[in-house]
4 protein chains.
Amino acid sequence: MNAKINTKRKRVKFASDNVTGACPEVLDAIIKANDGIAPPYGNDEISGVLQEKFSKIFEKDVIVYPTASGTASNALALSTVSPSFGNIYCHKFSHINVDECGAPEFYTGGAKLVPLSGKDGKITVDELNDNIGGFGIVHHTQPSIVSITQATETGEVYTLDQIRNISEIAHKKKLKVHMDGARFANALVSLDVTPAEMTWKSGVDILSFGATKNGCIAAEAIIIFNKELVGNLPFLLKRSGHLLSKMRFVSAQLDGYITNDVWLKNARHANLMAKN
Amino acid sequence: MNAKINTKRKRVKFASDNVTGACPEVLDAIIKANDGIAPPYGNDEISGVLQEKFSKIFEKDVIVYPTASGTASNALALSTVSPSFGNIYCHKFSHINVDECGAPEFYTGGAKLVPLSGKDGKITVDELNDNIGGFGIVHHTQPSIVSITQATETGEVYTLDQIRNISEIAHKKKLKVHMDGARFANALVSLDVTPAEMTWKSGVDILSFGATKNGCIAAEAIIIFNKELVGNLPFLLKRSGHLLSKMRFVSAQLDGYITNDVWLKNARHANLMAKN
Amino acid sequence: MNAKINTKRKRVKFASDNVTGACPEVLDAIIKANDGIAPPYGNDEISGVLQEKFSKIFEKDVIVYPTASGTASNALALSTVSPSFGNIYCHKFSHINVDECGAPEFYTGGAKLVPLSGKDGKITVDELNDNIGGFGIVHHTQPSIVSITQATETGEVYTLDQIRNISEIAHKKKLKVHMDGARFANALVSLDVTPAEMTWKSGVDILSFGATKNGCIAAEAIIIFNKELVGNLPFLLKRSGHLLSKMRFVSAQLDGYITNDVWLKNARHANLMAKN
Amino acid sequence: MNAKINTKRKRVKFASDNVTGACPEVLDAIIKANDGIAPPYGNDEISGVLQEKFSKIFEKDVIVYPTASGTASNALALSTVSPSFGNIYCHKFSHINVDECGAPEFYTGGAKLVPLSGKDGKITVDELNDNIGGFGIVHHTQPSIVSITQATETGEVYTLDQIRNISEIAHKKKLKVHMDGARFANALVSLDVTPAEMTWKSGVDILSFGATKNGCIAAEAIIIFNKELVGNLPFLLKRSGHLLSKMRFVSAQLDGYITNDVWLKNARHANLMAKN
């Protein structure tokens, strides 16, 4: 991606994050999970408690589906909420629009990503508002989701106010709000807010929780803040080959990652490194 | 569509075109086709000679597939040429992008329509050139087609030079050129050029030839200027329910439409009406 | 299709039906519809009253969507009711399984047609019952629809009892019942029952009402007996290019076809011809 | 799956294989791969040499794409070779037909799995031959692939002769041969033949090479024996979210698995355990 960005504005930069391995706690969790036998397809103990642990972190009963790839998380989350004729509003430089070879289109059966120009790398309420329309008219694809990236590909971080304002518009018009949190932890420590504040308390309905870029090998999670949005996700997961038989090894990574604030420590360290 | 357009610029306006019925010649052709029996699925005599007649009109051996809807013509033409991970470059106000409820995405299996802002309602070579990229990089959807509308939804007509320049860029980068000719005849008589000049001689590879808006009941044609581009179209036609069993009635409309310059007379009349 | 069939059993044979044109009443309706202007996309007067007329015929408030092709009717009806991971149970020789080049799979986004061997060309309750299973298990595609063809491709006609028994099993297991009625009229007069009896009174939820093979040029209708099943059909119709702009000409054919029992007269005549 | 199988016939049984963890060599390979940094998306050194190592094992220059799930491997392999309107012939109890929630249909855009009854759990040449047909007829989905499972879900192993005979029919009719090798190693040691003999030397064109069930955590490979069949696979991999950013950890598992005959030892041990 060759997005030209304003390098003078203050941004949170992140150290390159796909080239490193796992942090020690995550690797240990994998090794420990390898001991003994366990039921397949997420019916193991580690996967079982994960939902509880994430619910504690997010101060709400959440639904958690571990996956092994961020592109899969995004595409599955979007296809759970959008019909095939839906509009997904996103920044023109967003990962879902530019860097996933059309995964959201594939998973949704052909939804339309509506690219917004934004300001400082972020979607603006005004542009969003201008672009949402055509409800109920069969000639037009139907507004379904707003997807924001936290932090963005260009290192921008939405403030809580910005998230809330976007969510307000979206919900007022019956759209859902998705957050691509491939760099969720980095944004979180940068804003110094709680996971709840940065998500459902600000109107986010469904989250792609990233972990691979911040200490895991291949571990992400789709986190749903409202049970009614789960829809057909379990079937879509299986149907797309993302329900791993030995799912416990993904769950174990996530477990090691969120236990004892490992994820937050990693993110603080990464943010610090990137500043220097 | 609420596209704000510059009303001072000279444009070819068209009389409203979906509310009228068929012209007498086309209705007569339907009535005549109803006489006797004929093989189904386009294997009848009328359908057979159509290809020859269109080849004469276009001064080239063309491949013709009649359809009953413009949206189907466009979506089938695009899906014949673009892979599911293709980019289709089009004007942001184009029918394929705004008025077909995502038919191109559905038919292609999720290709991405890249909306261009253009100038005076038309795609510009510069913007097109800036947006084509990412070849061979698996993260990016792959540039596949440029689709231009002649005349455009807002009544603009591409000059031959403009078509040629767009085609040149497209072909240089290995993209194909599609023309949405829902109002093909109106543009043709407005430019006062030949069908060949406005299409393949200017680099167009595949054409949605419109007739419904200019004197037919429900008749369009996908016209392919290069046999190698036919690909899987016959199967896609059937698979989408657009291979009508009594196809001869669509072919008959087209036959009545292109015989004795009926289509050109209709278009001249419509353009004249619209001016007044 | 080269299905070997028992030629000794009594069956209703039908005269070849794709090679003829329209009957006089239908052709007259087209000519009459051509007079004057009318709103596009089914918002015309003829299309408007069609729903009322069909409701009278079926003794129930039905929802009617005219289409121009039987394959489209079937695929649209099925995709309205089945998820992409659904199972559609059908006879192995059914049109949807053998003669539509995978249209149901295309429209549903990849549902699985489960072919049943049946007896005398018809699905049996026992075989159906044996094959429905796997509910709620993510590894398995999910039972969604039973599709029966009335009359079948091989000329068999389901009795009311047979339809009722199939529907009973289907509904008990939360599946919907689709009837492919490409030869609906022929079956109806053969059984000498009412349209209501052969459909919703026997448990049919959604019907592909055929007219092309029995006197029309290109006219079919999707008829829904329960408003809640309409789902996204209006968008799917448009998205697939089957919402014709001059829809009134399809509606007019249907109108001419069902007025004054034309359709029943045609079917009686065809059945008689086929016997001789 | 509750397939009733003949338990008297001699079969190779396998110990349950999704509940165990990784074997020591594979776990060590993961730990070792975690040391230092490496390019993402399979551009690392481990992934690089994998192709060479597999080529040695298969005595042929093969193309290797690592994945993290068997369902993904199968669906990606099939969608690389079959068009959306293709027929994929398989055993009615095969994993692709029964246990993947329609993944092949999803990935191919709606291809039709044609389920064969087979004999002793395996496809027979005669039944296959009877079912392949309809070439070039637009009404019919088009024969594209035969998929055999080695060893089958019910523990059967195709002999080399059986594979060769199936391949011969397939190739004669221009179909490709896919092998679902989720239990490839078990079948290999059971037959006591070479990987080359059990695949391309017997006509297999594309293989889903399983490793997860025999000592890995989440590692499979799509192995292509003919470069021309690669097609769009790299884009489909990315587009489906199966191109992991830290792909080297999947490659490392495969590397540990195939080095020093670990895979064959594991399989011999598993087969032995299953017999007792």
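Right, let's walk through the structure included here. Because the structure is a prediction, the values reported are computed rather than measured. (Residues numbered from 1 in each chain as written. Chains lettered and ligands numbered in written order. Predicted model: local features only at pLDDT ≥ 70, side-chain atom pairs only at ≥ 80, totals over all residues. Heavy atoms only, no water.)

### Details of the overall build of chain A
As a reminder of what qualifies: Secondary structure counts use DSSP, requiring at least four H or I residues in a row for a helix and at least two E residues in a row for a strand, with both numbered from the N terminus. Atoms counted for the radius of gyration: C-alpha only. Globule rule: 2.2 Å times the number of residues to the power 0.38. The contact criterion used throughout is that any non-hydrogen atoms of two residues lie within 4.5 Å. Throughout, the Shrake-Rupley method with a 1.4 Å probe supplies accessible areas, and for residues the shown protein chains are the sole cover considered. A positive count includes Lys and Arg, and a negative count includes Asp and Glu. His and the chain ends are not counted in either. Where a charge lies is defined by one atom per residue type, namely NZ (Lys), CZ (Arg), CG (Asp) and CD (Glu).
A tally of helices and strands in chain A yields twelve helices and seven strands. Computed over its C-alpha atoms, the radius of gyration of chain A comes to 18 Å, within 12% of the 19 Å expected for a compact globule of 276 residues. The dimensions of chain A, computed from C-alpha atoms along their principal axes, are 55 × 45 × 35 Å. Counted over contacts in chain A with a minimum sequence separation of 6, partners at least 24 positions apart contribute 77%. Of the accessible surface of chain A, which amounts to about 10300 Å², a share of 49% is contributed by carbon and sulfur atoms. Computed over 30 positive and 28 negative side-chain charges, the separation of the two mean positions in chain A equals 4 Å.

### What to know about the relation of the copies chain B and chain C
Cut-off, in case you're wondering: A least-squares superposition brings the copies together, and it is based on the C-alpha atoms of residues with pLDDT no lower than 70 in both.
Between chain B and chain C, which share one sequence, the superposing operator has a rotation angle of 180 degrees and an axial displacement of 0.0 Å; the RMSD is 0.0 Å. These values place the two chain copies in the arrangement generated by a two-fold rotation axis. The rotation axis passes nearest to the C-alpha of Ser240 of chain B in chain B, at a distance of 3.7 Å. Taken together, the interface assignments show that 95% of the residues at the interface of chain B recur at the interface of chain C, consistent with an identical surface on both copies.

### What about the pairing of strand 2 (residues 86–91) of chain C?
Residues and elements named next belong to chain C. Keep this limit in mind: The classification of residues rests on relative accessible area computed with a 1.4 Å probe and restricted to protein chains. Under 20% of the type maximum is buried, over 50% is exposed, and intermediate values are partly exposed. A pair of strands is treated as paired once DSSP finds two or more bridges between them.
Counted residue by residue, strand 2 has six buried out of six residues, so it is predominantly covered. Burial along strand 2 is two-sided: the residues Gly86, Ile88 and Cys90 and Asn87, Tyr89 and His91 are all buried. Inspection of the sheet shows strand 2 paired to strand 4 (residues 142–149) by four bridges, in the parallel sense. From the neighbouring strand, Tyr89 faces strand 4, where its bridge partner is Val146.

### Concerning the side chain of Ser167 of chain A
Residues and elements named next belong to chain A. Its place among the elements puts Ser167 in helix 7 (residues 160–172). Judged by its relative accessible area of 2%, Ser167 falls in the buried class. Setting aside anything within four residues of it in sequence, one finds Ser167 in contact with Val177, Ser202, Gly203 and Val204.

### Section: the interface of chain A and chain D
Under the convention used in this document: By buried area we mean how much accessible surface two parts lose on assembly, using a 1.4 Å probe and totalling the loss over both. Any Lys or Arg side-chain nitrogen found within 4 Å of a carboxyl oxygen on Asp or Glu counts as a salt bridge. Between N or O atoms, a polar contact is any pair within 3.5 Å; within protein, one atom must be a potential hydrogen donor and the other a potential acceptor, and residues adjacent in sequence are included only when both atoms are from side chains. When residues are grouped by polarity, Ala, Val, Leu, Ile, Met, Phe, Trp, Tyr, Cys and Pro land in nonpolar, Asp, Glu, Lys and Arg in charged, and all others, Gly among them, in polar.
Counting residues at the interface gives 42 residues for chain A and 42 residues for chain D. Both sides together, the interface formed by chain A and chain D hides about 3500 Å², and carbon and sulfur atoms give 60% of it. For chain A, the biggest contributors to the area lost against chain D are Phe106, Arg239 and Lys246 of chain A; these three give 22% of the whole. Across the chain A-chain D interface, the total number found is zero salt bridges. The tally of links between chain A and chain D comes to 24 residue pairs in polar contact (both at pLDDT 80 or more). Those elements that place two or more of their residues in the side of chain A that touches chain D are helix 1 (24–33), helix 3 (70–81), helix 5 (103–108), helix 10 (233–239) and helix 11 (248–258) of chain A. In terms of residue count, helix 5 of chain A provides more of the side of chain A that touches chain D than any other element does, four residues in total. Across the side of chain A that touches chain D, the residue classes tally to 21 nonpolar, 13 polar and eight charged.

### As for the interface of chain B and chain C
Facing 43 residues of chain B, the contacting portion of chain C comprises 41 residues. Carbon and sulfur atoms make up 59% of the surface buried where chain B meets chain C, a total of about 3500 Å² over both sides. At the junction of chain B with chain C, the criterion picks out 24 residue pairs in polar contact (both at pLDDT 80 or more). Secondary-structure elements contributing two or more residues to the side of chain B that touches chain C are helix 1 (24–33), helix 3 (70–81), helix 5 (103–108), helix 10 (233–239) and helix 11 (248–258) of chain B. When residues of the side of chain B that touches chain C are assigned to their parent elements, the largest contribution, four residues, is made by helix 5 of chain B. Here the side of chain B that touches chain C is composed, by residue class, of 22 nonpolar, 13 polar and eight charged.

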